[in-house]
Amino acid sequence: MADNVKTGPSRRTVIAAGAVSAAATSIPAYAKPAQLPGKPPMRVPVSLEVNGQAKKLELDTRTTLLDALREHLKLTGTKKGCDHGQCGACTVLVNGERINSCLSLAVQHQGDKVTTIEGLGTPDKLHAMQSAFIKHDGYQCGYCTPGQICSAVAVLDEIRAGIPSHVQLDVSEPPPLSNMEFRERMSGNICRCGAYSNIAAAMADVAGGGA
Amino acid sequence: MEFNAPAGRNLFDASKVVGKSTPRIDGPLKTTGQAPYAYERHDVVANQAYGYIVGSAIAKGRISAMDAEAARAAPGVIAVILATETKPVGKGMSNYAPLFGGSDIAHYHQAIACVVAETFEQARSAAALIRTSYDRSAGRFDFPKLAPEAPLAKDEEGKPDRQTVGDFDSAFAAAEVKIDATYTTPDESHAMMEPHATIAAWDGDKLTLWTSNQMINWGKESMGKILGMDPKNIRLDSPYIGGGFGGKLFIRADAVVAALAAKQAKRPVKIALQRPLMANNTTHRHATIQRLRIGAGRDGRITALAHENWSGNINGKEGENGTLQTPVLYAGANRLIANYIATLDLPEGNAMRAPGEAVGHLALEVAMDELAEKLGMDPIELRIRNEPKSTVPGKPEKRFSDRNLVRCLREGSTRFGWDRRKAKPGSVRDGQWLVGMGVAAGYRAAPANKSAARVRLDGNGGVIVETDMTDIGTGSYTIIAQTAAETLGVPLEKVKVTLGDSDHPAAAGSGGQWGAASSTAGVYAACVTLRQKIGQTLGFDGDKAEFAGGKIKANGKSFDLAEAGKLSVDGGIEFGKFKDDYDVGTYAAHFAEVAVNAYTGEARIRRMLAVCDAGRILNPLSARSQVIGAMVMAAGAAMMEELVVDTRFGFFVNHDLAGYEVPVHADIPAQDVVFLDTLDPIISPLKAKGVGELGICGVGAAIANAMYNATGVRVREYPITLDKYFERMPMLT
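Everything quoted here is computed from the prediction, not taken from an experiment.

## Side note on the overall build of chain B
Here's step 1: Within chain B one finds 16 helices and 33 strands.
Here's step 2: On C-alpha atoms alone, chain B measures out to a radius of gyration of 27 Å, which is about the 27 Å that the 2.2 N^0.38 rule sets for 733 residues.
Here's step 3: Taken over the C-alpha atoms alone, chain B extends approximately 80 × 70 × 50 Å along its principal axes.
Here's step 4: Looking at chain B as a whole, 68% of its 733 residues qualify as buried.
Here's step 5: Considering only residue pairs separated by 6 or more positions, chain B has 80% of its internal contacts joining residues 24 or more positions apart.
Here's step 6: Element-wise, carbon and sulfur atoms account for 48% of the exposed surface of chain B, whose accessible area totals about 24,400 Å².
Here's step 7: When the 83 positive and 84 negative side-chain charges of chain B are each reduced to one mean point, those points stand 2 Å apart.

## Topic: the overall build of chain A
Here's step 1: Each helix and strand in chain A was counted, giving 7 helices and 5 strands.
Here's step 2: When its helices and strands are written in sequence order, chain A yields α-β-β-α-β-β-β-α-α-α-α-α.
Here's step 3: When burial is assessed residue by residue, chain A has 51% of its 211 residues classed as buried.
Here's step 4: In chain A, the share of contacts with a sequence separation of at least 24, taken over all contacts with a separation of at least 6, comes to 52%.

## Observations regarding the nonpolar core
Residues and elements named next belong to chain B.
Here's step 1: Ile-130, Met-223, Ile-534 and Ile-703 are the most contacted members of the largest nonpolar core, which has 242 residues in total.
Here's step 2: Sort the elements by how many residues they give to this core and helix α15 (residues 620–639) lands first, with 12 residues.
Here's step 3: Excluding residues that lie within four positions of it along the chain, Ile-130 makes contacts with Val-54, Met-66, Asp-67, Ala-68, Ala-71, Val-80, Leu-82, Ala-113 and Val-115.
Here's step 4: Counting 15 residues, the second largest nonpolar core, distinct from the first, contains Phe-141, Ala-150, Ala-338 and Leu-344.

## Some words on the domain arrangement of chain A
Residue and element names in this part refer to chain A.
Here's step 1: We note that the domain assignment places domain 1 (43–119) and domain 2 (128–207) within chain A.
Here's step 2: Taken over C-alpha atoms, the centre of domain 1 sits 22 Å from the centre of domain 2.
Here's step 3: Of the roughly 1,200 Å² buried where domain 1 meets domain 2, counting both sides, 54% is carbon and sulfur surface.
Here's step 4: By the criterion of area lost to domain 2, the three top residues of domain 1 are Lys-79, Arg-98 and Ile-117, representing 47% of everything that side buries.
Here's step 5: Along the contact surface separating domain 1 from domain 2 lie 1 salt bridge.
Here's step 6: The shortest N-O distance in the salt bridge between Glu-158 and Arg-98 comes to 2.9 Å.
Here's step 7: At the surface where domain 1 touches domain 2, the tally comes to 8 residue pairs in polar contact (both at pLDDT 80 or more).
Here's step 8: If one sorts the elements of the side of domain 1 that touches domain 2 by residue count, strand β3 (residues 91–94) sits on top with 3 residues.
Here's step 9: Of the residues belonging to the side of domain 1 that touches domain 2, the class tally is 5 nonpolar, 6 polar and 4 charged.

## So, the domain arrangement of chain B
All names here are of chain B.
Here's step 1: Structurally, chain B comprises domain 1 (2–35 + 448–577), domain 2 (44–137 + 195–280) and domain 3 (401–446 + 584–733).
Here's step 2: A separation of 37 Å is found between the C-alpha centroids of domain 2 and domain 3.
Here's step 3: At the junction of the two partners, domain 2 supplies 9 residues and domain 3 supplies 9 residues.
Here's step 4: Here domain 2 packs against domain 3, burying approximately 790 Å² in sum over the two surfaces, 67% of which is carbon and sulfur.
Here's step 5: Ranking the residues of domain 2 by area buried against domain 3 places Arg-275, Ala-279 and Asn-280 at the top, with a combined share of 46%.

Thresholds, definitions, all that
Once a new chain begins, its residue numbering starts again from 1 and follows that chain's sequence as written. All chains are assigned letters beginning at A, and all ligands numbers beginning at 1, according to the order in which they are written. The predicted nature of this model means local features are confined to residues of pLDDT at least 70 and side-chain atom pairs, given and counted, to a pLDDT of 80 or more, with totals for whole chains, interfaces and linings taken over all residues. Each side-chain value is worked out from all heavy atoms of the structure, with water and hydrogens disregarded. Only DSSP runs of H or I with at least four residues qualify as helices, and only runs of E with at least two residues qualify as strands; both kinds are numbered from the N terminus onward. Using C-alpha atoms as the atom set, the radius of gyration is obtained and then compared with a globule rule of 2.2 Å times the number of residues to the power 0.38. Exposed residues in this analysis have more than 50% of their type's maximum accessible area, buried residues have under 20%, and partly exposed residues fall in between, with area computed by a 1.4 Å probe over protein chains only. Should any heavy atoms of two residues lie within 4.5 Å, those residues are considered in contact. Accessibility throughout is a Shrake-Rupley quantity obtained with a 1.4 Å probe, and a residue counts as covered only by protein chains that appear here. Charged residues are defined here as Lys and Arg on the positive side and Asp and Glu on the negative side; His and the ends of the chain fall outside this count. Throughout, a charge is located at the NZ atom of Lys, the CZ atom of Arg, the CG atom of Asp or the CD atom of Glu. As used here, the term nonpolar core means buried Ala, Val, Leu, Ile, Met, Phe, Trp, Tyr and Cys residues forming a set that is joined through side-chain atoms within 4.5 Å. Residue ranges for the domains originate in an automatic or database domain assignment. Take the accessible area each of two parts loses on contact, using a 1.4 Å probe, and add the two losses: that sum is the buried area. A side-chain nitrogen of Lys or Arg and a carboxyl oxygen of Asp or Glu constitute a salt bridge if their distance falls within 4 Å. Definition of a polar contact: a pair of N or O atoms within 3.5 Å, with one able to donate and the other able to accept a hydrogen when the atoms are protein atoms, and with sequence-neighbouring residues admitted only if both atoms are side-chain atoms. Here the term charged refers only to Asp, Glu, Lys and Arg, the term nonpolar to Ala, Val, Leu, Ile, Met, Phe, Trp, Tyr, Cys and Pro, and the term polar to all other amino acids, Gly among them.

Structure below.
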């Protein structure tokens, strides 16, 4: 708790003229100028392949992969629900595996192949999982949906690749494409609207070759 | 159009589009990431800057000093607004503490500063440099300790909220079988997936807010009060809303601070409330303490029923009233309802999905289970035996509009396999697991409110509906399109729907389970007006013409809708006084099967069933989703959800999605929903009632009753977590 306590940042007098020019004009007259905390943001070039297209960006090293997608590439299909790896809304596929894009910095992904919801399909050319979500009403507000769909696509691949799970009765056997396997493996993607049963139905439809 | 008499036979009784399972028309956008939510609208205004909110680190007291010197000098910073440099803003609807401004702190994480910078990272970094000192005051944080002294709440007319029918005390004293039990429910968080978010832009004295809000018209009026400006100069736009559950009914700090910051920065500013601020900065469902006393004869007929409820709020008003269903759900000649409210210094309590009833059923419907056991009676039979006659108990002038609770219970009993339930707790074993079944009834009021829409013809056979109605995941887009397609006789794909823009006619909005019934009635009314206008244009009586398949048959002639050219009407529905003679409600029977591990006490829901009676179901596909989703939220309330109060410092400790546990996929293995084929002519011309809140009323109690049936351990303090029952689990044999 910070009550009755006053703490300050360590005062350093590092000035980086180039980076502060925008800020300098808006510093009110009463503020003491030129006492800047820390270093100016470091910007580095980042090259990604996003949805099959090469993207070259110049990014603040603090920018997450999620914000690189949403704020820099304007691919806002990937959602920010918590920014702390707690909800799964930001799930994307990186080199074919699902990750929470809020939990890694963009600079960690030099040369990586990123697939977002926009890369899976479009309204005119839906991915099978997207069609199945529509058919089974596997969403309501839609905010967790891109993350759920990316996760669902990855989960089917993970099961087919034989990656074991907590609910598997015998981990030496190939895991089944079952309701409980889907539900267990999808549990990192929260849906507060509670569309879980419909998402499981959509996954079963795709796993069975339908949708 | 005024709806001032029960609906007779109308075109919805032969419906071709309404009532059919219809995939959402917004589905292709939502599933491909193309539906734009508030924070994502890069295209609506240029030069957007990033705002980052700082929340108070104390719950009660004053800010003695704020030092933003370092923040203002930090790289990329455009502006810093501080509460101490800002006059407190006005209060909009249901804002109990100012959303920004002044040195007084009313609750933890109240917004006290905002940094605006060129990038998100710069704003966040600079926000951490603001140094604030506080003079902390003592606060009222311990609700259970304060509750016994709490006064009666005030009802809608300002009178103490205490209702009596007959003589409860004498009847309870004389009752052959009695239950006297107290239940507690914790504070809960809406925890919708999309954080509260707004982009604010000024154009002279005009303000536009691209935001995430359930009630556009309330929001516009409220922003006017908050900023002291004419609401005419304010526009809200919320076409997609990433969940609300009541948490986005009212204007919150994201919108206010974005507007203030945009003014100071002279730039559009976008803000998403950080997830860790949401629980304490915004509203929550209040904790309750509920005492149930039920007296019955040996035949199971209730003779005395008392439900007393305690909750607390920052303003000593607007609590969580768990008694709401109790006057309506069961018969009984002698009754007492009382609702008390304490004043607290915790964050603001307000509506969350089925406010009142959601937690009320967690008490009443477990008390009924306890009564059934004491009577040695099946809990379904007990409920059926206490079904009221055709009027609300104690109010012979108030008729039930259309009530089929008994059918719900019987249908559910058959479908769920209730006959396999063993009445004696702890008597079903499946390997390591103790298995139990539970049932509960559900009631949720079905309000309908004034609602308007504009309906246009595009001149090419297409129809455009424009209203400020919102779709918070409820499926409004689709049921509105279905309603327009039905009324104007066009295929669904010929209807375009634009929602959430305050420039369009004001709808009822999304809240209180009234959205579907009200907004479709409003669109129907506007379409009827349009039919009349089409008739005037083409020379026939629009009320008598037949609109079907994109054509109109009138006076023995056939017209294409396109022949009417471009037309536009504003219309809407208002609901007349005749409704006051009725209790218009929705009903459900909820069933759950739960397994509790005999060794570890781990509890797992195995399956759930809801049988719902809500009149015409406009879109069975999305209505079912509403109900399964509500069942999930109810499972959370029963088994895991709790905002934990730090009673020393006055805040919710577990204020993020790691600490505040909500159900995940693996918690919900199997769900089933059945809708009875009923019609309610009192609700609206469509005879359709809402289901989104019905679905959460009773499910938690069914789960709690199932856990008791599995283990023989009754837990009356929600959520029912392992620590509360493990030591009382049956010995292993």
